[in-house]
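Close look at the chain arrangement
Spelled out from the first residue to the last, the chains are:
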Amino acid sequence: MRQLHTPESPADMPTRDRDDRPSPVPGLADLVLVRSDEGGLALPDDPGAALTIDALTDLARAAGAGEQDLRVLTDDGTRHAAVLGRLADALRRDVLVTPAGATVQPTPAAGGRTEAMPVNRASGEVVDWLLVQPASLRTELPGWFDLAGGLVLHRGGLVTLPLPNGLEFADREGYVVRRAAAAQLGAAHPDLVTVALATRGGGFVLSTYRGRSGVHGADEVAAALSSIPLYGGDLRLWLRWPLDPAEQGLLDAQVHTLAEATGATVWTPPVGAEAVLLRGCRDLAARDRSGQAVPWRPVRPRSASGVPAFDTDLDGRLTPADGVTIASAGEVALLSVSQRRETALRNRYRELTAEPGLTLVDLTILEDGRLGLRHGDGSALAAGTAQLRRLLEMSGWRGGDLMLLTPVPPERADGLHEHLRVLEDELGVEVWSLAAGAVVSVQDGLPRAVDEQRLPARWQRAADAGADPEGGRWRDEDGWLVPLRQPATGPTSGSAIVAEPAAMAPETAGALPPPSPRPPLTVSARSSRPHGVRWLPERPEVNAAPVRLWLSSPWPAQRVAIEGVPSANLHLVAHLAAGPLVRTGPHRHLLRLRVEAGGAVDLSRVTADLPADLRHQATEGTFLLPAGWLDLARLEQGYRVDEAGQPRDPVDLPAHPLTLRCHGARHGADGLPNEVVFTARGRRMWAVVPDRPDTAGTAVDLLVLLARRPAVRDGHRLVRLQVAPNRAVDVVASAATLAGLTSVRSRLPELVADGVTALLPSRYYDRTTVDQVLHAENGRWRPRAKGIDLPLSSLIAPSRR
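The text that follows walks through the structure, step by step, so that each part is easy to find. (Residues numbered from 1 in each chain as written. Predicted model: local features only at pLDDT ≥ 70, side-chain atom pairs only at ≥ 80, totals over all residues. Heavy atoms only, no water.)

1. Details of the overall build of the protein chain
- From N to C terminus, the protein chain includes 13 helices and 54 strands.
- The principal-axis extents of the C-alpha atoms in the protein chain amount to approximately 110 × 70 × 65 Å.
- Scored against the burial criterion, the 801 residues of the protein chain give a buried share of 49%.
- For the protein chain, long-range pairs separated by at least 24 residues make up 68% of all intrachain contacts whose partners lie at least 6 apart in sequence.
- With an accessible surface of roughly 36200 Å², the protein chain has 50% of that area assigned to carbon and sulfur atoms.
- Taking the average place of the 88 positive charges on the side chains of the protein chain and the average place of its 96 negative ones, the gap between the two points comes to 8 Å. (Helix = DSSP H or I, 4+ residues; strand = E, 2+ residues; numbered from the N terminus. Buried < 20%, exposed > 50% of the residue type's maximum accessible area, 1.4 Å probe, protein only. Contact = heavy atoms within 4.5 Å. Areas by Shrake-Rupley, 256 points an atom, 1.4 Å probe, with all protein chains shown as cover. Lys, Arg positive; Asp, Glu negative; His and termini not counted. Charge placed at Lys NZ, Arg CZ, Asp CG, Glu CD.)

Right, dumping it as structure tokens:
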């Protein structure tokens, strides 16, 4: 082979024609090396001395690789991939090499150029250069150059990198690091488009592969995103806000322009914060400059309607507003899988028990191996540490080790263990999972790992406990997970909720913080955001300064932080002092809130149209928190009230905006508030009910009403109902009344999405008559009874809550 060299290098062969040197490629440095006698890399003048990594780094920088990528002109370059990966690491640049079996051949090209072409020695065919990325930043994403036909070619257009359902706009300086970050980002919700942008001077930085870089406005960014359908969707920006207030104002205006130009709801971290990539779950979180999770901010175009589809979870991530769908089965504390799998697993896990000190969980494993949770809209998203911790605590977890019962597909094992290692580190527990391809067999009431032949398989830890076998707490023994030593005495940390000791330690029942002073009042300013309470004046008297208030809740504080405060109405009643709530609410929970100015209505100052059930509470020190203004209230602390009326177990809560979960309405339909809209006119309507009143699953709290006969459903009856006025819920009209109340969680969005227009709550089953019954038979509805006059409750079993 005729060896090539850089202009700085002496000719390594006397017969070398200096015109054989490759023509320079802008943005690329060349370094001529040969294989040393010991199999390493060496200079052509001294092939007997293999170069150290430090010497290679110095040579590469001298050749210009400190500011550009490096091409190593040597035979069989990929055989040295390990050392060249370390070289790329030191340079923070990509390195181009020849494939194994290829040699470098100077080839004349157009314009008098001489190209260095990799040629296969056996076939004589030209092959492509291969890319060696920095070892610590290695990805499957492309390099700066296009490698095709043995040539190193410049790409055209804007510098971009692919993101899962999105795009990153990069530049030359930070390309390698940004590429590694882009590769780490996992898939988020399928309806969420992610775009990464650098900012400068109040605008967005866009660069071309030809080296031009500048600050551009939102219109240029929208044009660059024209190939991505965004109108009516959700666009998440991966960016860091500048610190300068003037630049923040300019950039904020550009974000609003981007929302209008694309027609999408644009989600950004709050002004002054940034979007960061989380370990493990590999999703973006909004964090302030101190690293605390903060809510994402939606910037909506004028064309947007309804409520935002996403909300911020405890980790600071954007997740569906419907929340996480979880269940339990036997002693499996946390179950969050597809609905079809959940039904099967409930029966399978019914008799399963846990070893003391272990909590059993069965969650979703996403396609890339991350551990996931199912959400109310049917999507499955990676579990964040704070979110998972809170869900486990709600299920009775006391900090014990975790045993994941989910089968692990072999192709997902690496991604899963990477995620579990982070969870181990951040939760401070051991996490054990099945070996790839194994499943759980319930034997003697305990989970045992078995393979396809039902032979014992292994349990394995996400993170190696180290060489010392005593470093962990569990070991695999013939498919069983057994303790290395007896667990410490005291409350177990298994999956079942642990009963509290009969006598609480004195320090767990302490004095509550003193009541806040009554805040000064002011008349609420006219706002474009409705408060959502029909009977409340448009501009009531509200707190003129921040105030701390107390709420009573039937749900524990940890559950409230995730699901919201349960309420039958579109408001909450809070108090300056906690004492009365403690004395009147044993076995309940206390929540302490901070409410910003303008978020709490002084109930004692509301006189007209006050509902009867609130009149006895309209005293000084009582405040109403309307659903439309709950984003001004944030959780601070929670307490459990024991049977003696004593506050116990104080817990600090993340300062997230308060949400309201529709629950316990008097009409009997859970998930809907009392303030639903009922149809004013009576009419005949159809409904489908099971054949047998005692069939499992017939205990429904509301019934879908239909204007026309539906398709036949085997195992069901079709009944015609005489629905009286003000009995049927108008789903569409009810959803419209909640459209602007972003802090309210109800079933109405789901019902609208399913095409449901009218519902009959269980409260009215006794007062709704059936005049015709049809049965499913041979694919048709066959009449069985006409002219009857029976209450609907005689045909179905309403729910009993």
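2. A closer look at the sheet that holds strand E39 (residues 565–567)
- Within the open sheet, the 3 strands sit side by side as E39-E46-E51. Their pairing is parallel. Whereas interior strands pair on both sides, the edge strands pair on one side only; in this sheet they are E39 and strand E51 (744–745).
- Bridge count between strand E46 (residues 660–662) and E51: 2 bridges; the pairing is parallel. Residue pairing in the sheet places arginine 661 in a bridge with arginine 745 of E51. (Pairing = 2+ DSSP bridges.)

3. Brief notes about the pairing of strand E9 (residues 145–148)
- The pairing of E9 with strand E10 (residues 151–154) spans 4 bridges and is antiparallel. Of the residues in E10, the one forming a bridge with aspartate 146 is leucine 153.
- The turn joining E9 and E10, which pair antiparallel and follow one another in sequence, is formed by 2 residues; a positive phi near 60 degrees is taken by glycine 149.

4. Considering the packing of helix H7 (residues 385–394) against helix H8 (residues 413–427)
- For the pair H7 and H8, interaxial distance at closest approach is 10 Å and the crossing angle is 65 degrees. Judged on the interaxial angle alone, H8 and H7 are roughly perpendicular. When the axes of H7 and H8 are compared, the crossing they make is right-handed. Of the residues in H8, those in contact with Thr385, Leu388 and Arg389 of H7 are Leu423, Glu426 and Leu427. (Axes fitted to C-alpha atoms, helices over the stretch in contact; angles between N-to-C directions. Parallel < 35°, antiparallel > 145°, perpendicular 65-115°, else oblique. Left-handed = near helix turned anticlockwise from the far one by under 90°.)

5. A word on a negative patch on the surface
- A cluster of like negative charges, contributed by Asp191, Asp322, Asp377, Glu750 and Asp754, occupies part of the molecular surface.
- Using a relative accessible area of 51% as the deciding quantity, one classes aspartate 191 as exposed. (Patch = residues over 30% accessible without salt bridge, like charges linked within 9 Å, V, L, I, M, F, W, Y side chains within 5 Å. Salt bridge = Lys/Arg side-chain N within 4 Å of Asp/Glu carboxyl O.)

6. Brief notes about the sheet that holds strand E17 (residues 234–238)
- As summarised here, the arrangement of the 6 strands in space is E11-E12-E13-E17-E18-E21, forming an open sheet in which the pairing is mixed. The strands lining the two open edges of the sheet, one partner per strand, are strand E11 (160–163) and strand E21 (297–299). The average angle at which neighbouring strand axes cross in this sheet is 25 degrees, direction not considered.
- Its contacts with the sheet put helix H3 (residues 175–184) on E11, strand E12 (166–169), strand E13 (192–196) and E17, and the angle it makes with E11 is roughly 15 degrees.
- Packing against the sheet, helix H5 (residues 245–262) makes contact with E17, strand E18 (265–268) and E21, and its axis sits at approximately 55 degrees to E21.

7. Some details on unusual backbone geometry
- Phi at asparagine 726 takes a positive value of approximately 60 degrees, unusual for a residue other than glycine.
- Secondary-structure assignment places asparagine 726 in the loop between strand E49 (716–723) and strand E50 (729–730).
- By relative accessible area, asparagine 726 is classed as partly exposed at 44%.
- Although it is not a glycine, asparagine 778 adopts a positive phi angle of roughly 55 degrees.
- Tracing the backbone through its elements, the reader meets asparagine 778 in the loop between strand E53 (769–777) and strand E54 (780–791).
- Residue asparagine 778 is classed as exposed on the basis of its relative accessible area of 71%.

8. Things to note about the environment of leucine 635
- Position of leucine 635 among the secondary structure elements: in strand E44 (residues 633–641).
- Here leucine 635 falls in the buried class, since its relative accessible area comes to 3%.
- Ignoring sequence-local partners within four residues, the contact set of leucine 635 consists of Val560, Ala561, Leu591, Arg592, Leu593, Leu653, Pro654, Ala655, His656 and Leu658.

9. Quick notes on the side chain of aspartate 401
- When you line up the elements, aspartate 401 lands in strand E29 (residues 401–404).
- There is a polar contact of 2.8 Å between the side chain of aspartate 401 and the backbone nitrogen of glutamate 430.
- For aspartate 401, the side chain forms a polar contact with the side chain of arginine 473, separated by 2.6 Å.
- Aside from chain neighbours lying at most four places away, what touches aspartate 401 is Gly357, Leu358, Thr359, Val429, Glu430, Arg473 and Trp474. (Polar contact = N/O pair within 3.5 Å; in protein donor to acceptor, adjacent residues only side chain to side chain.)

10. Details of the nonpolar core
- Counting 39 residues, the largest nonpolar core has Leu549, Leu625 and Leu658 as its most contacted members.
- Listing elements by their share of this core, those giving two or more residues are strand E38 (547–553), helix H9 (557–563), strand E40 (571–575), strand E41 (589–595), strand E43 (622–626), E44, E46 and helix H13 (748–753).
- The contacts of leucine 658, once residues within four sequence positions are left out, are Leu551, Val565, Leu572, Leu593, Leu625, Leu630, Ala633, Leu635 and Ser743.
- One finds Leu230, Leu237, Ala259 and Ala264 within the second-largest nonpolar core, a separate group that totals 23 residues. (Core = buried A, V, L, I, M, F, W, Y, C linked by side-chain atoms within 4.5 Å.)

11. Some remarks on the packing of aromatic side chains
- Under the criterion given, the structure shown has 5 aromatic pairs.
- Centre to centre, the rings of tryptophan 550 and tyrosine 639 are 5.9 Å apart; their planes meet at 45 degrees, and the pair counts as tilted. Here the residue tryptophan 550 occupies a position in strand E38, and tyrosine 639 occupies one in strand E44, the gap between them amounting to 89 residues.
- We classify tyrosine 639 as buried; its relative accessible area is 7%.
- Put simply, the rings of Trp144, Tyr175 and Tyr209 touch in pairs and so form one group of aromatic residues.
- Of note, arginine 178 hangs over the ring of tryptophan 238, and the distance from its end group to the ring centre comes to 4.7 Å.
- Directly above the ring of tryptophan 555 sits arginine 559, whose terminal nitrogen or CZ lies 3.7 Å from the centroid. (Phe/Tyr/Trp six-rings, centres within 6.5 Å; stacked < 30°, edge-to-face > 60°. Lys NZ or Arg CZ within 6 Å of the ring centre and 35° of its normal.)

12. Describing the environment of alanine 578
- Along the chain, alanine 578 falls in the loop between E40 and helix H10 (579–584).
- Sequence spacing of alanine 578 and proline 513 is 65 residues, and the spatial spacing of their C-alpha atoms is 8.7 Å.
- Apart from the residues within four sequence positions on either side, alanine 578 is in contact with Leu512, Trp550 and Leu590.

13. Observations regarding the environment of aspartate 766
- Residue position: aspartate 766 is located in the loop between strand E52 (758–761) and E53.
- Put simply, aspartate 766 and leucine 790 are 24 residues apart on the chain and 9.1 Å apart in space, counted from C-alpha to C-alpha.
- Once you skip the residues sitting within four places of it in the chain, aspartate 766 turns out to touch Pro791 and Ser793.

14. Description of the packing of helix H1 (residues 53–62) against helix H2 (residues 81–91)
- Between H1 and H2, the shortest axis-to-axis distance is 10 Å and the interhelical angle comes to 55 degrees. As the angle between them shows, H1 and H2 are arranged oblique. The two elements H1 and H2 cross, and the hand of that crossing is right-handed. Packed against H1, whose contacting residues are Ile53, Leu56, Thr57, Ala60 and Arg61, the element H2 presents Val83, Arg86, Leu87, Ala90 and Leu91 at the interface.

15. Structural notes on H5
- Between its first and last C-alpha, H5 extends 26 Å over 18 residues, near the 26 Å set by a 1.5 Å rise per residue.
- If you follow the buried residues of H5, they end up packed against strand E14 (198–200), strand E15 (203–207), helix H4 (218–224), E17, E18 and E21.
- Glycine 263 occupies a position one or two residues after H5 and carries a positive phi of about 75 degrees. (Expected span 1.5 Å × (residues − 1).)

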